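Residue-level listing of the chains:
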Amino acid sequence: MTPSEQLLGDSVFPRLKALVIEVTGMAFYADKDLDLAQIIADRMEQCRISDCAAYLELLQADGEEMDCLVAELTIGETYFFRHKEQFDALREIVLPDILARNTPSRRLRIWSAGCATGPEPYSLAILLKREFGAQILGWHVSILGTDINQKFLSRARDGRYDQWAFRATPENIRGECFVPVGKQWQIRPEFKAMVSFQYHNLTRNRFPSITDNIAGFDIIICRNVVIYFSRETVEALVPCFHESLVDGGWLVMGHAEPNMELFRDFRTVNCPGAVLYQRTSVEPQPIRPPQRHVVAPSLPLPVQQRMARRLQPQSPRPSPSPALALAMASPPTSVAVSPPLSEVRHLADQGKWDAALRACDAVLGKDSLNWRGHYLRALILDQMGDGDACESALRRAIYLDRRAVLPHYHLGLFLLRAEEAEAARRSFRNVLALLGGEADDRAVDEGEDLTAGQLRETVGMHMKVIGIS
Ligand SMILES: C[S@@+](CC[C@H](N)C(=O)[O-])C[C@H]1O[C@@H](n2cnc3c(N)ncnc32)[C@H](O)[C@@H]1O
């Protein structure tokens, strides 16, 4: 009997399968036991584990092994300018509409959800710069690629591709936008600089979320991702996409995924070979509360407990610094997640930056020592493209509580973007020092679903990418 056949006969296998589907949303594996068993058997061999129950325990305890398994389970088929008709529709309809709409703010935010190794967000960067370069000169443009597969994300950050990734790309574009490196092609720095990548699990991480940088997009592109999810999961995701767009923002799904019923809260625009969905200002009727997407049957209890814990609002830090203690001792608005700050967050999650900033300033007007307020203000200012004010707000948050981890982290990101590598290194080191011996699954203060383990890994990745340690 092969190891995978043995696995299929193990009474713990259904629990492993439920865990995999719950974590990834990939209901695709519901009727693919043999494929799944082969992948799991390979991982078990790598980990030198022969007992299914022991592997289940390892997965529940160790985020790293879950990442390794996810890397094998996910399907990353992608290439530049995949499905040309959709890029035509973006060029002809979506981008002209958004650029006209955003002329006063001169900012543009795009999210490629499930970006795999990066050709989709990089194609968008190329399209924008080549076709609209003059129009967006001096604009604050950000294209965010997210994925659940850390290995894909790392390759996306490298930005180096084989010839096969250009099977739908005209040769002149490849020649203009990439540099040959051996048999591969490296994306040119001016396009690379327009795109950033981060981990995000569509079925586990709540969104929109200003804290996760997932909010207020002008365009969301999510193609060939939800085809692996159950109908129930997709129904729960669509309102989250809706909420993550600004009014007038556009959603682009895979060309084989049009479904009028699912996208009924959007305005549908039919183009040759492509269907587009636009968020209109009319408030939608939610299909269901846009929260968690999958409830897997008979999940092992520890996982359900972990999920439940992740869904709890973050509690205040156990022992605040003197400055924060002072802030917490002053009138009602200083409570960690005070209603006014949650309102600010709600506005920011919807991409209503001006209103969010006004509300935040009102909170800070009454409670100027609240580091959470300054931190949130920094995130909003960053989205508004006001770098200097963002940096001062982050420094103020750090001044008020040096042990608050996320302001250090965001300051590190900010300094990296400003190409101040040495200063960024200091901020990232502060993050690692503050995380210290925190357990991997410990939630990070103000970090929504973010855990200490994930933050450690992300900071390590940034330090590695820029060659500092
Ligand atoms: C087939 S690729 C699509 C790539 C690109 N969007 C395109 O169309 O060329 C699907 C991607 O979805 C990612 N994915 C699967 N489940 C996910 C989840 N729950 N959250 C985020 N990404 C996920 C996979 O890792 C994979 O990179």
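The name given to the protein in an unreviewed UniProt entry is protein-glutamate O-methyltransferase, and the organism recorded there is Magnetospirillum sulfuroxidans. Of the protein, the UniProt comment under Catalytic activity (unreviewed entry) reads exactly: "L-glutamyl-[protein] + S-adenosyl-L-methionine = [protein]-L-glutamate 5-O-methyl ester + S-adenosyl-L-homocysteine".

> Is there a simple way to think about helix H16 (residues 371-383) in this case?
Side chains that are three or four residues apart share a direction in an α-helix, a result of its 3.6 residues per turn. Given a rise of 1.5 Å per residue, 13 residues ought to cover 18 Å, and the 19 Å separating the end C-alpha atoms of H16 matches this to within 8%. Among the 13 residues that make up H16, 12 are buried, leaving the element largely enclosed by the rest of the structure. Where H16 begins, the side chain of Asn370 points an oxygen toward the backbone nitrogen of Arg372, at a separation of 3.0 Å. Among the residues trailing H16, Gly385 stands out with phi positive, at a value near 80°.

> What is the right way to read the sheet that holds strand S6 (residues 195-199) from this model?
In a beta sheet, neighbouring strands pair by backbone hydrogen bonds and run either parallel or antiparallel. Read across the open sheet, the seven strands follow the order S6-S2-S1-S7-S8-S10-S9; overall the sheet is mixed. Each end of this open sheet is capped by a strand with a single partner; those strands are S6 and strand S9 (266-271). Here the average twist between neighbouring strands, direction ignored, is 20°. With five bridges connecting them, strand S7 (residues 217-222) and strand S8 (residues 245-253) associate as parallel partners. Bridged to Ile220 within S8 is Leu251.

> Can you walk me through the sheet that holds strand S4 (residues 178-181) in this structure?
The strand order across the open sheet formed by three strands is S3-S5-S4, and the pairing between neighbours is antiparallel. One side of each edge strand has no neighbouring strand; the edge strands of this open sheet are strand S3 (160-161) and S4. In this structure, S4 lies alongside strand S5 (residues 184-187), joined through four bridges in antiparallel fashion. Among the inter-strand pairings, Val181 is bridged to a residue of S5, identified as Gln184.

> What am I meant to see in the packing of aromatic side chains here?
Two aromatic rings are characterised by how far apart their centres lie and by the angle between their planes. In the structure shown here, the tally under the stated rule is 19 aromatic pairs. Where Tyr122 meets Tyr161, the ring centres are 6.4 Å apart and the plane angle is 75°; that geometry is what we call edge-to-face. Here the residue Tyr122 occupies a position in helix H7 (residues 119-132), and Tyr161 occupies one in strand S3, the gap between them amounting to 39 residues. With a relative accessible area of 6%, Tyr161 lands in the buried category. Taken together through their ring pairs, the aromatic side chains of Phe80, Tyr122, Tyr161, Phe166, Phe178, Trp185 and Phe197 make up a single cluster. Note that Lys32 overlies the ring of Phe28, its terminal NZ or CZ placed 4.5 Å from the centroid.

> Just checking my understanding: could you explain the site of the ligand for this structure?
Looking at the ligand, there are 21 residues lining it, with Thr24, Thr78, Gly114, Asp147 and Asn224 nearest. One of the backbone nitrogen or oxygen atoms of Ile148 is found 3.5 Å away from a nitrogen atom of the ligand. Measuring from an oxygen atom of the ligand, one finds a side-chain N or O atom of Asn224 at 2.7 Å. Taken by itself the ligand offers 600 Å² of open surface, and the protein chains cover 99% of this. Across the shell around the ligand, the residue classes tally to seven nonpolar, nine polar and five charged.

> What should I look at first to understand the pattern of salt bridges in this one?
One side chain can pair with another of opposite charge once the charged atoms of both are near each other. Across all of its chains, the model carries 25 salt bridges by this definition. Of the charged contacts in the structure, one is a salt bridge between Asp247 and Arg279, with a shortest N-O distance of 3.2 Å. With a gap of 32 residues between them, Asp247 in strand S8 and Arg279 in strand S10 (residues 274-279) connect regions that are remote in the sequence. Overlapping salt bridges bring together Lys84, Asp88, Arg91 and Glu92 as one network.

> How should the packing of helix H3 (residues 33-46) against helix H5 (residues 63-73) be read in this particular structure?
Helix-helix packing is described using two parameters, namely the angle between the two axes and the distance between the axes. Put simply, H3 and H5 touch, their axes get as near as 10 Å, and they point 140° apart. Comparing their axes, H5 and H3 come out oblique. As H3 packs across H5, the resulting crossing turns out to be right-handed. The residues of H5 that touch H3, namely those facing Leu36, Ile39, Ile40 and Arg43, are Glu65, Cys68, Leu69, Glu72 and Leu73. Class assignment for the residues of the contact of H3 with H5 results in six nonpolar, no polar and three charged.

> Explain the environment of Met260 to me, please; I cannot follow it from the model alone.
Within the secondary structure, Met260 sits in the loop between S8 and S9. Sequence spacing of Met260 and Tyr277 is 17 residues, and the spatial spacing of their C-alpha atoms is 9.6 Å.

> Please clarify how helix H19 (residues 421-435) should be interpreted in this entry.
Taking 1.5 Å of rise per residue, 15 residues should cover 21 Å, and H19 covers 21 Å from first to last C-alpha, within 8% of that figure. Along H19, the residues that are buried comprise Ala423, Ala424, Arg425, Ser427, Phe428, Val431 and Leu435.

> Looking at this structure, how should I read the environment of Cys177?
Mapping Cys177 onto the fold places it in helix H9 (residues 171-177). Among the residues examined, Cys177 registers a relative accessible area of 0% and is labelled buried. Along the primary structure Cys177 and Ile187 are separated by 10 residues, whereas in three dimensions their C-alpha atoms are 6.2 Å apart. With near-sequence residues (within four places) excluded, Cys177 lies in contact with Ile126, Arg130, Gln186, Ile187, Arg188 and Phe191.

> Whenever I open this one, unusual backbone geometry confuses me. Can you help?
A negative phi angle characterises most non-glycine residues, just as the trans form characterises most peptide bonds. Geometrically, the link from Phe207 to Pro208 is a cis peptide bond, its omega value of 5° lying close to zero. The topology assignment puts Pro208 in the loop between S6 and S7. For Arg106, which is not a glycine, the phi torsion comes out positive at approximately 50°. Following the sequence through the fold, Arg106 ends up in the loop between helix H6 (84-101) and strand S1 (107-113). Classification of Arg106 as partly exposed rests on a relative accessible area of 41%. In this model, Glu419 sits at a positive phi of 60°, which is unusual for a non-glycine residue. Residue placement: Glu419 occurs in the loop between helix H18 (405-417) and H19. Judged by relative accessible area, Glu419 falls into the exposed class, the value being 72%.

The rules behind each value
Residues numbered from 1 in each chain as written. Predicted model: local features only at pLDDT ≥ 70, side-chain atom pairs only at ≥ 80, totals over all residues. Heavy atoms only, no water. UniProt positions renumbered as here; feature names shortened; annotations may be inferred. Helix = DSSP H or I, 4+ residues; strand = E, 2+ residues; numbered from the N terminus. Expected span 1.5 Å × (residues − 1). Buried < 20%, exposed > 50% of the residue type's maximum accessible area, 1.4 Å probe, protein only. Polar contact = N/O pair within 3.5 Å; in protein donor to acceptor, adjacent residues only side chain to side chain. Pairing = 2+ DSSP bridges. Axes fitted to C-alpha atoms, helices over the stretch in contact; angles between N-to-C directions. Phe/Tyr/Trp six-rings, centres within 6.5 Å; stacked < 30°, edge-to-face > 60°. Lys NZ or Arg CZ within 6 Å of the ring centre and 35° of its normal. Near = heavy atom within 4 Å. Areas by Shrake-Rupley, 256 points an atom, 1.4 Å probe, with all protein chains shown as cover. Nonpolar A, V, L, I, M, F, W, Y, C, P; charged D, E, K, R; others polar. Salt bridge = Lys/Arg side-chain N within 4 Å of Asp/Glu carboxyl O. Parallel < 35°, antiparallel > 145°, perpendicular 65-115°, else oblique. Left-handed = near helix turned anticlockwise from the far one by under 90°. Contact = heavy atoms within 4.5 Å.

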